[in-house]
Amino acid sequence: MRIENGKWKIENCGRAVSDGPATSQFSTFNLRFSILSLAVAVGLLSAWGAGADTVLTAGGRLEGETVPQENGILVGGVGVPLNDVLTVIRDTGAGTISAPHTVRLANGEIWCCNIQGADSDALAVRGDLFGEGTVGLDAVASLDFSRCFDPAAAGRRGFLYREKGEPIPGSIMWIREGVIAIDCPLGVLPVPREGVVRYVLREPSGLLPVDGEDEIGLIDGSIFRGRLGLSTNGAEVTHRALGALPVPWAAVRHLMRSPPGLTRLGLPDAGEVAVRGPAGPVAPPRLVDYRSGFEPGRPAQRCLTALRMQPVTVARYRLPRREGKEAEFRAVAALVPGARSGVRIGLSVSGARVYEKTLSPSNASAEVSIELPAGDELAVEADFDGRFLYPCGVDWQDPCVLLRKEEGR
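Residues numbered from 1 in each chain as written. Predicted model: local features only at pLDDT ≥ 70, side-chain atom pairs only at ≥ 80, totals over all residues. Heavy atoms only, no water.

> Got a sec to walk through the nonpolar core? Specific residues and values, please.
Counting residues in each nonpolar core, the largest one holds 48 residues, and the members touching the most others are Val103, Leu123, Leu143 and Ile216. Per-element tally for this core: the top contributor is strand β13 (residues 110-118), with 4 residues. Discounting residues that sit within four places of it in the chain, Leu143 has contacts with Thr102, Val103, Ile115, Leu123, Ile172, Ile175, Val197, Arg198, Tyr199 and Leu201. The next biggest cluster of nonpolar side chains, apart from the first, holds 33 residues, and it includes Leu265, Ala333, Leu335 and Val336. (Core = buried A, V, L, I, M, F, W, Y, C linked by side-chain atoms within 4.5 Å. Buried < 20%, exposed > 50% of the residue type's maximum accessible area, 1.4 Å probe, protein only. Helix = DSSP H or I, 4+ residues; strand = E, 2+ residues; numbered from the N terminus. Contact = heavy atoms within 4.5 Å.)

> Can you tell me about the sheet that holds strand β37 (residues 377-384), naming the residues and giving the values?
With antiparallel pairing, the 5 strands of this open sheet are ordered in space as β29-β32-β37-β34-β35. For this open sheet the edge positions go to β29 (273-275) and β35 (352-359), each flanked by a neighbour on one side alone. Averaged over all pairs of adjacent strands, the angle between strand axes in this sheet comes to 10°, irrespective of strand direction. Sheet topology places strand β34 (residues 343-349) next to β37; 7 bridges connect them, and they run antiparallel. (Pairing = 2+ DSSP bridges. Axes fitted to C-alpha atoms, helices over the stretch in contact; angles between N-to-C directions.)

> Explain the pairing of strand β23 (residues 214-218) to me, using residue names and the numbers behind them.
Counted residue by residue, β23 has 5 buried out of 5 residues, so it is predominantly covered. Both β23 and strand β24 (residues 223-231) contribute to a ladder of 4 bridges, which runs antiparallel. Bridged to Glu215 within β24 is Arg225. In textbook terms, the turn of a hairpin is the stretch between consecutive antiparallel strands, and for β23 and β24 this stretch comprises 4 residues, one of which, Gly221, has a positive phi near 95°. Where β23 and strand β27 (residues 252-256) come together, 4 bridges link them in antiparallel fashion. Bridge pairing in β27 places Glu215 opposite Met256.

Rendered as structure tokens:
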């Protein structure tokens, strides 16, 4: 890292992200952190006031106003060390600071910004909260030029989607003010940027942080990953390509930490899912991501992600090695929005049932905290409660397995 022409220049930074057999990396990034813009954002938020935040810790769930402190956080006046914090979901109010465009990276990060231009290799962006820079297109999953689109209808790789007209297949040649050039079967076609909603390069390869990375979500919808620190001034994330990014607490929407011993359960491998509906196969499990901006709203019980399963489905996960520690499964199980019938849910470890409960419209959610016996496989199950009415299903909200030292050790 060095300073060149008044800007930070970071070279050959970042971990490779994969798209099939090929690999890609963050390209050179020129960073000028916009302290003035961030101060304006915080000033706007201060008028909304603080609300009740949700903090998941190694010991359970806490609710209350959060205040950062050195290497920890106060929750309703109760101090929690940073190493005990698993997730923080802040009540930032209904308002948000919105950038016109969104760059979604293949590693799961989201940069809300202004897309200034691009060539066939690199993208130039500017964000009020992180400054100016360029990122290689090989690290990008999609470019969102508008927030008014249906992601389910705009998700095919190598297609440019527009408000009007058919999607255009091809690769980006360049982006300039007002025009996007697409190398399509008809040749290099210039397309006016007005009316363009999205271009998809590849599927994201990492929706949840891994390998000890922490995640910070900002009020503008951006998500950055790296090593997190807290102080009385707010949060700071050390990003692998951007360096140290200080963020005032009022600009933080959520924190998702990855301490040792915590395994977050995302989508299981395709071979670890069994689905069998009453009239044939049902939709496989999917990860509902309330951080991305694609979902219209949050469920009643606040969460960041949810594993959504329809009856009759079993999802299997390999349990981490315990190394003399106790293992605990944590989640909130809730009926899917608009469910017309109840769901019987269960957990099994290496074939032995350890938990079972029926969720009904009158008892639609349950906080699940179960100590797991010895075993190497966890099965998460959803079944009908006796009636066959759709929609029907369960959201396992923020599911994880936590390893803790045994009592007395």
